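Per-entry structural report
What follows is the residue order along each chain.
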Amino acid sequence: MSSLVISTIVFEHTYDAQACTRLLYETASKTFITGRSMDWMDASAQTALWVFPRGMKRDGAVGANPIKWISKYGSVATSFYDAGTADGMNERGLVANLLYLKEAEWGNAAESRKPTLSAGAWAQYFLDNFGTVREAVNAMANPAFSIIAPPLPNGHAAGLHLSISDATGDSAILEYIKGKLVIHHGSQYRVMTNSPTFDQQLALNAYWEQLGGNNFLPGTISAADRFVRATYNLKASPKYADSDLSLASVFSQVRAVSVPLGMADASRPKHRNDALANRG
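A short tour of the structure in this document, coming up.

How each quantity is defined
- Residues numbered from 1 in each chain as written.
- Predicted model: local features only at pLDDT ≥ 70, side-chain atom pairs only at ≥ 80, totals over all residues.
- Heavy atoms only, no water.
- Buried < 20%, exposed > 50% of the residue type's maximum accessible area, 1.4 Å probe, protein only.
- Helix = DSSP H or I, 4+ residues; strand = E, 2+ residues; numbered from the N terminus.
- Pairing = 2+ DSSP bridges.
- Lys, Arg positive; Asp, Glu negative; His and termini not counted.
- Salt bridge = Lys/Arg side-chain N within 4 Å of Asp/Glu carboxyl O.
- Polar contact = N/O pair within 3.5 Å; in protein donor to acceptor, adjacent residues only side chain to side chain.
- Contact = heavy atoms within 4.5 Å.
- Core = buried A, V, L, I, M, F, W, Y, C linked by side-chain atoms within 4.5 Å.
- Axes fitted to C-alpha atoms, helices over the stretch in contact; angles between N-to-C directions.
- Expected span 1.5 Å × (residues − 1).

For strand β12 (residues 160-165), a buried count of six out of six residues is recorded, marking the element as mostly surrounded by other parts of the structure. Side chains L160, L162 and I164 project from β12 onto one buried face, and the interleaved H161, S163 and S165 project onto a second face that is buried too. As judged from the six bridges shared by strand β9 (residues 95-100) and β12, these two strands associate in the antiparallel manner. From the neighbouring strand, A96 faces β12, where its bridge partner is I164. Where β12 meets strand β13 (residues 171-177), four bridges bridge the pair, whose relative direction is antiparallel.

Turning next to the side chain of R22. Looking at the element boundaries, R22 is found in strand β2 (residues 19-26). The charged side chain of R22 is buried without a salt bridge, its nearest counter-charge being D87 at 8.5 Å. Among the polar contacts made by the side chain of R22, one reaches the main-chain carbonyl oxygen of I164 at a distance of 3.4 Å.

For the rest of this paragraph, the subject is the pattern of salt bridges. If you walk through the whole model with that rule in mind, you get seven salt bridges. The partner of R36 in a salt bridge is D87, with the nearest N and O atoms 2.4 Å apart. Of this pair, R36 sits in strand β3 (residues 32-40) while D87 sits in strand β8 (residues 84-90), placing them 51 residues apart in sequence. No difference in accessibility class separates R36 from D87, as the two residues are buried. K235 is the salt-bridge partner of E209, the closest N and O atoms lying 2.5 Å from each other.

All right, on to the side chain of D128 then. With respect to the element layout, D128 can be found in helix α2 (residues 122-129). Among the polar contacts made by the side chain of D128, one reaches the side chain of Q124 at a distance of 2.8 Å. With sequence-adjacent residues up to four places away left out, D128 is seen in contact with R58, W69, S71, K72, Y73 and S75.

Glancing now at the nonpolar core. With 30 residues, the main nonpolar core has W122, Y125, F126, F145, L162 and I164 as its most contacted residues. Looking at this core, the elements that each hand over two or more residues are β9, α2, α3 (133-139), β12 and β13.

Glancing now at the sheet that holds β9. Working definition: the strands of a sheet are paired by backbone hydrogen bonds and lie parallel or antiparallel to each other. An order of β4-β7-β8-β9-β12-β13-β14 is seen for the seven strands of this open sheet, with the pairing classed as antiparallel. The outermost strands of the open sheet, each flanked by one partner alone, are β4 (49-52) and β14 (180-185). Each neighbouring strand pair of the sheet contributes to a mean axis angle of 25°, computed without reference to strand direction.

Before going further, it helps to examine helix α5 (residues 223-236). With 14 residues, α5 should cover 20 Å at 1.5 Å per step; its first-to-last C-alpha distance of 20 Å lies within 8% of that length. Within α5, 10 of the 14 residues are buried, leaving the element largely enclosed by the surrounding structure. Where α5 is buried, its residues meet β2, β15 (191-192), α4 (198-211) and α6 (243-256).

Have a look at this one:
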């Protein structure tokens, strides 16, 4: 496979910011690496590594009429609270990453009358069923399911958006906004953070690109500022041929937009970063 997913997990005690960043890096040999950070408010998201074979019987795990399928592809996934797939890659090189998005509105599953799918199984559904981004996007023109998003074990609503990427460098961002699925599809969509919605992130980034990143970049830990910095860093980074340098570049770029270890804001004393773990 010519695609690799890396999770840089950052557990962050913060009550007014969720700081996750995903980027898609192209090497000199035209292979691709998907990297992401997960800055979360709890001391542990109970992350585990799951390995799934092809041919598994699956269901949507929620509602009176959960969607059912048999996995076409084997996959490796990282769990979130040991209850759902947060990140993963299948045997065809399709990568899926879930990030926090407070603006997510899933719509009314009862009104849609479609089979239901838990938000925790959303990423896994893609890993099980699709080998490429284009295949997935075509299938989502009329999704076969409605998503139900119960609260997370920490009591917060499961507001999420999904990025997918594949071995060719194709990419898509999927968001449920006001009950409707919005898809941004194209290899140019190589960065995703959190709020605001992706269309607004693109507009904000366009403004900063006019100023030029060599002159000034926004420096806060907000998702909009991280989006701008991650986009600039990704474009400015060399495309390494060496696999170790390529991986190091992805790690360095992800870390560059994460909250520094031990950082504290006197006006928000609970806003600090306590632990960092790298998973590759």
